[in-house]
Amino acid sequence: MVRVGGLPRPAPLDRDGAHNTDLAFTGDHAIGGNYDGFAVYDISAPEDPRLVSTVVCPGGQGDVSVSGDLLYFSVDYPRAGEECGAPSVPVSDPDGFEGIRIFDISDKANPQYVAAVRTDCGSHTNTLVPSGDGESDLVYVSSYSPSEEFPNCRPPHDKISIIEVPHDDPASAAVVNEPVLFPDGGSESTTGCHDITAYPERGIAAAACLGDGLLLDISDPVAPRVLDRVRNPDFAFWHSATFTNDARNVLFTDELGGGSAAVCTEEAGPEHGANAIYSLHGSGDQSELEFRSYYKLPRHQTETENCVAHNGSLIPVPGQDFFVQSWYQGGVSVIDLTDPDAPREIGHFDRGPWDPQALRVAGSWSAYYYNGHVYSSDIRHGIDVLRLTDPRLKAAEGMVSDEFNPQSQPSFSGQGHHP
């Protein structure tokens, strides 16, 4: 991969600790989440991206999803109120707000705050799922780590929250269900879910829930059901998931060390802080996940580079399974998953350590393919635009999207447009 463009973190979202986080895409724009808010970028000329606007709205995490003119933004650090200017408060404050903030981004140069919905334990991540009638959005909210000392996040926290947002009245958004995914409590380390990737066209989702990986039936999107649950003795933290286009396989990631540790080392080995590929067998209530293989970044990184498997997406080459993925300071890797028993890297981008003298959190948080380029949200550097040079990936350029939320997977087939 070759870096062909990019922008630094924009002021005032560039203070130390205001990490760049996830990305979502709409038309010719990318939305970049940040611990202190979000930024809107014009990517109509990918090699010359332009900052359109910034919204300062602190709340931690800053996971983003976009639906038409609406933006959903995760708040995972409690604030004194729902509004953007509310100061932080201790997690022991029963009136502290955490959850989802909703913005109108019809005017990309001037996004407007619309409403907020409180959810138990806040929102670490959010996943967009279309409603059955197409008149509203459903937002699956994942969060974890309850405590008896947290008035709004007490154990057991074995559920997710589902928010419904009517398209014609987004200000009336509300929690419509809190399905329990672990009625028996899950594994010892499972205290909620970290992230969920939905495949709406297939009616399924994969949930990464700290100590467990789940396959969900979302044919009734307001009432997801657990079809299968797997555990892996080599996994420390089930972090995220991605289906192959044919839904025959799913890739789970292990965020060993919580993203702040240097675990792409010889000492950590090839199976810790890695991806695990599982195959899907059966259908309906007989669906099962079967482990196939691991993939880990094939180059050892230094002890000053936090490096572990993180967020990525498919590269839409029909009939093939190519995946682009961020590894924090390990950079960005392109993986051929076509043989689930033998995944291998076919390309990478790595700019080296942020600080060669000390371990500091930095690097690529998310790397996603969108309309001909890979966009990497770098925690400290900003936005990187990468061009793929492998001719095997050329066919992806024929797939043009109007909107892309990586945690709500679209399908692709043949050449041409996909929604």
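These numbers come from a predicted model, not from an experiment. (Residues numbered from 1 in each chain as written. Predicted model: local features only at pLDDT ≥ 70, side-chain atom pairs only at ≥ 80, totals over all residues. Heavy atoms only, no water.)

Attention now goes to the sheet that holds strand S5 (residues 50-56). The strand order S5-S4-S3-S2-S30 describes an open sheet built from 5 strands, whose pairing is antiparallel. Of all the strands in the sheet, the pair left with one neighbour each is S5 and strand S30 (403-404). Pairing analysis gives 6 bridges linking strand S3 (residues 29-34) to strand S4 (residues 37-42), with the strands arranged antiparallel. When the bridges of S4 are listed, Asn-34 appears paired with Gly-37. (Pairing = 2+ DSSP bridges. Helix = DSSP H or I, 4+ residues; strand = E, 2+ residues; numbered from the N terminus.)

What follows covers the packing of aromatic side chains. Scanning the model with the defined rule gives 19 aromatic pairs in all. Taken together, a centroid distance of 5.6 Å and an interplanar angle of 55° make the contact between Phe-25 and Tyr-375 tilted. Here Phe-25 is found in strand S2 (residues 20-26), whereas its partner Tyr-375 is found in strand S27 (residues 373-378), with 350 residues between them in sequence. With 4.6 Å between their ring centres and 55° between their planes, Phe-235 and Trp-238 make a pair best called tilted. Trp-238 shares its class with Phe-235; the two are buried. (Phe/Tyr/Trp six-rings, centres within 6.5 Å; stacked < 30°, edge-to-face > 60°. Buried < 20%, exposed > 50% of the residue type's maximum accessible area, 1.4 Å probe, protein only.)

Counted under the stated rule, the structure contains 4 disulfides. Across the disulfide from Cys-57 sits Cys-84; the S-S distance is 2.1 Å. Judged by the sign of its S-S torsion, about -90°, the bond between Cys-57 and Cys-84 is left-handed. With a gap of 27 residues between them, Cys-57 in the loop between S5 and strand S6 (61-67) and Cys-84 in the loop between strand S7 (70-79) and strand S8 (97-104) connect regions that are remote in the sequence. Taken in sequence order, the bonded cysteines of the protein chain link in the pattern 1-2, 3-4, 5-6, 7-8. (Disulfide = S-S within 2.5 Å.)

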